[in-house]
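# An overview of the molecular structure
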Amino acid sequence: MVEGDIIVSVNRRPVAKVSELRTIREGLKPGDDIALKVMRRAINGWTAQYLGGVLPDGDSGRFGRARNRLRCNTVSLNAGRSA
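Everything in this summary refers to the structure shown in the same document. (Residues numbered from 1 in each chain as written. Predicted model: local features only at pLDDT ≥ 70, side-chain atom pairs only at ≥ 80, totals over all residues. Heavy atoms only, no water.)

### Structural notes on the overall build of the protein
Along its length, the protein carries two helices and five strands. The order of α-helices and β-strands along the protein, N terminus first, is β-β-α-β-β-α-β. Across the 83 residues in the protein, those meeting the buried criterion constitute 31%. Excluding contacts between residues fewer than 6 apart, the proportion of contacts in the protein whose partners are at least 24 apart in sequence is 48%. Accessible surface, the protein as shown: approximately 5800 Å² in total, 49% of it carbon and sulfur. (Helix = DSSP H or I, 4+ residues; strand = E, 2+ residues; numbered from the N terminus. Buried < 20%, exposed > 50% of the residue type's maximum accessible area, 1.4 Å probe, protein only. Contact = heavy atoms within 4.5 Å. Areas by Shrake-Rupley, 256 points an atom, 1.4 Å probe, with all protein chains shown as cover.)

Given below as structure tokens:
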């Protein structure tokens, strides 16, 4: 993740509010698999980024402290294209 990313889903569960993110986070524990869909600003609009990894030990489900240690695979799709 990079500064400015907007989390829109965690493990395929939509996130529209911080309270929803907190609820999901409370159900996670270190070692759990995690999949994030984030929107990231790009030169030509916004792109969807799909990040996956394992929540590190010692973070008690906190995404903020884990973000620099979460080993991720990233797939980028151009979300700004018109059909």
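### Topic: the pattern of salt bridges
This structure, assessed with the given rule, holds two salt bridges. When the shortest N-O distance is used, the salt bridge between aspartate 5 and arginine 40 registers 2.7 Å. Taken together, the residues aspartate 5 in the segment before strand S1 (6-10) and arginine 40 in strand S3 (residues 33-42) connect sequence positions 35 residues apart. Across the pair lysine 29 and aspartate 32 runs a salt bridge, and its minimum N-O distance is 3.3 Å. By relative accessible area, which is 17% here, aspartate 32 ends up buried. (Salt bridge = Lys/Arg side-chain N within 4 Å of Asp/Glu carboxyl O.)

### Digging into the nonpolar core
Within the largest apolar cluster, 11 residues are counted, these being Ile7, Val10, Val15, Leu21, Ile24, Leu28, Ile34, Leu36, Val38, Leu51 and Leu55. Elements supplying a minimum of two residues to this core: S1, helix H1 (18-26) and S3. Ranked by residue count, the leading element in this core is S3, at three residues. (Core = buried A, V, L, I, M, F, W, Y, C linked by side-chain atoms within 4.5 Å.)

### Quick notes on the side chain of aspartate 5
The buried category is assigned to aspartate 5, whose relative accessible area is 13%. Side-chain polar atoms of aspartate 5 contact the backbone nitrogen of valine 2, separated by 3.0 Å. Within the structure, the side chain of aspartate 5 is placed 2.7 Å from the side chain of arginine 40, a separation counted as a polar contact. Setting aside residues up to four positions removed in sequence, aspartate 5 forms contacts with Val38, Met39 and Arg40. (Polar contact = N/O pair within 3.5 Å; in protein donor to acceptor, adjacent residues only side chain to side chain.)

### Considerations on the environment of arginine 12
One can find arginine 12 in the loop between S1 and strand S2 (13-14). It is 8.0 Å that separates the C-alpha atoms of arginine 12 and lysine 37, two residues lying 25 residues apart in sequence.

### Structural notes on the pairing of S1
Looking at chain direction, S1 and S3 are connected through four bridges and run antiparallel. Directly across from isoleucine 6, in S3, lies its bridge partner methionine 39. Pairing between S1 and S2: two bridges, direction antiparallel. Following the sheet pairing, valine 10 is matched in S2 by arginine 13. Turn length for the S1-S2 hairpin, with the two strands adjacent in sequence and antiparallel, is two residues, and the turn residue asparagine 11 shows positive phi of about 50°. (Pairing = 2+ DSSP bridges.)

By themselves, these observations are geometric and do not establish any function.
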